[in-house]
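The chain contents come next:
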Amino acid sequence: MSSGLVICFSGRIGSGKTSVTQTLSASLGWPRAGFGDYLRARVERNGGDPNSREALQDLGQSLVDADPDGFCLDVLKSGNFQPGGNLLLDGIRHVNILSRIKRLVGPSRAILIHLTLDDADLRKRVESRSQGGDDLVRAEKHRVEAEISSSLPQIADRVVDASPPISELAGNVLSVVAKFGVEASIIAQARAAIAKIPI
């Protein structure tokens, strides 16, 4: 692979984006950045509640509206991204943001993997969290989530079923990543690392 690869992830709340990017970061040895992580840190610095999904959504949408390039650059910086390098990027929610990421990461190449999960499995995952299923209903009505189930799956380079356990899901994503020029030896090492993760 002559230049780096930025693997962007989109998906509904609870689809496993954060878990799979954390697993892949550890197994590939690639840096990771997340829009949600960046927003939580910023909300907390501003004296807000970093556990409030509504606060994160409101701030995220305001940054998309006011300074999308600056927002993207700040998130990339939070993952110590260097142009030409590799990165796992969690939490794409807008077509416009994906387009900007693709431009800003050059000469690295950016691809989008969309994680999909049916309503029943999604609700089970979310209900196991502190905010629960009621928050999911409210959260998915927020403007910041509008493109996740409509536009982003249509433009994704690959749509991946997120229903398997995280270790299996990460392995499935590696199969996708292998088709975008990542060396077979790197994929094999990552698979070996994932196999050692306790289930």
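Our structure's up above, just so we're on the same page.
Residues numbered from 1 in each chain as written. Predicted model: local features only at pLDDT ≥ 70, side-chain atom pairs only at ≥ 80, totals over all residues. Heavy atoms only, no water.

**Observations regarding the packing of aromatic side chains**
Piece 1. By the definition in use, this model includes 2 aromatic pairs.
Piece 2. For the pair Phe35 and Phe71, a centre-to-centre distance of 5.3 Å together with 80° between the ring planes defines the contact as edge-to-face. One end of the pair, Phe35, is in helix 2 (residues 35-45); the other, Phe71, is in helix 4 (residues 68-78), with 36 residues separating them in the sequence.
Piece 3. The exposure class of Phe35 is buried, given its relative accessible area of 4%.
Piece 4. Measuring from centroid to centroid gives 5.9 Å for Tyr38 and Phe71, while their planes differ by 45°, and the two rings are tilted. Taken together, the positions of Tyr38 in helix 2 and Phe71 in helix 4 put the pair 33 residues apart, joining distant regions of the chain.
Piece 5. Grouping aromatic residues by their ring pairs yields a cluster made of Phe35, Tyr38 and Phe71. (Phe/Tyr/Trp six-rings, centres within 6.5 Å; stacked < 30°, edge-to-face > 60°. Helix = DSSP H or I, 4+ residues; strand = E, 2+ residues; numbered from the N terminus. Buried < 20%, exposed > 50% of the residue type's maximum accessible area, 1.4 Å probe, protein only.)

**Things to note about the pairing of strand 3 (residues 87-90)**
Piece 1. Burial along strand 3 is two-sided: the residues Leu87 and Leu89 and Leu88 and Asp90 are all buried.
Piece 2. Relative to strand 3, strand 1 (residues 5-11) runs parallel, the two being bridged by 4 bridges. Looking at the pairing, Val6 lines up with Leu87 of strand 3.
Piece 3. In the sheet, strand 2 (residues 32-34) pairs with strand 3 via 3 bridges, with the strands oriented parallel. For Arg32, the partnering residue across the bridge sits in strand 3 and is Leu88. (Pairing = 2+ DSSP bridges.)

**Focus on the packing of helix 4 against helix 5 (residues 95-104)**
Piece 1. Following both chains from N to C, one finds helix 4 and helix 5 inclined at 60°, their axes separated by 10 Å at the closest point. With respect to helix 5, the axis of helix 4 lies oblique. Crossing of helix 4 against helix 5: the hand is right-handed. Contact residues: Pro68, Asp69, Cys72, Leu73 and Leu76 in helix 4; Asn96, Ile97, Arg100, Ile101, Arg103 and Leu104 in helix 5.
Piece 2. Residue composition of the contact of helix 4 with helix 5, grouped by class: 7 nonpolar, 1 polar and 3 charged. (Axes fitted to C-alpha atoms, helices over the stretch in contact; angles between N-to-C directions. Parallel < 35°, antiparallel > 145°, perpendicular 65-115°, else oblique. Left-handed = near helix turned anticlockwise from the far one by under 90°. Contact = heavy atoms within 4.5 Å. Nonpolar A, V, L, I, M, F, W, Y, C, P; charged D, E, K, R; others polar.)

**What about the packing of helix 2 against helix 3 (residues 53-66)?**
Piece 1. Helix 3 packs onto helix 2 with a crossing angle of 105° between their chain directions and a minimal axis gap of 10 Å. Taken together, the axes of helix 2 and helix 3 lie roughly perpendicular to each other. Listed contacts from helix 3 to Tyr38, Leu39, Arg40, Arg42 and Val43 of helix 2 are Ala55, Leu56, Leu59, Gly60 and Leu63.
Piece 2. Of the residues assigned to the contact of helix 2 with helix 3, the class counts are 7 nonpolar, 1 polar and 2 charged.

**What to know about the sheet that holds strand 3**
Hydrogen bonds along the backbone pair up the strands of a sheet, which may run parallel or antiparallel.
Piece 1. Taking strand neighbours across the sheet as the criterion, the 5 strands line up as 2-3-1-4-5 in an open arrangement whose pairing is parallel. Taken across any chain shown, the strands that pair with only one partner, and hence form the sheet edges, are strand 2 and strand 5 (158-161). This sheet shows a mean twist of 25° between the axes of neighbouring strands, independent of strand direction.
Piece 2. Summarising the sheet, strand 4 (residues 109-116) and strand 5 pair through 4 bridges and their orientation is parallel. Looking at the pairing, Ile113 lines up with Arg158 of strand 5.

**Observations concerning the pairing of strand 4**
Piece 1. Across the 8 residues of strand 4, 6 count as buried, placing the element largely inside the fold.
Piece 2. Sheet topology note: the strand 1/strand 4 ladder contains 7 bridges and is parallel. Paired with Gly11 across the strands is Leu115, a residue of strand 4.

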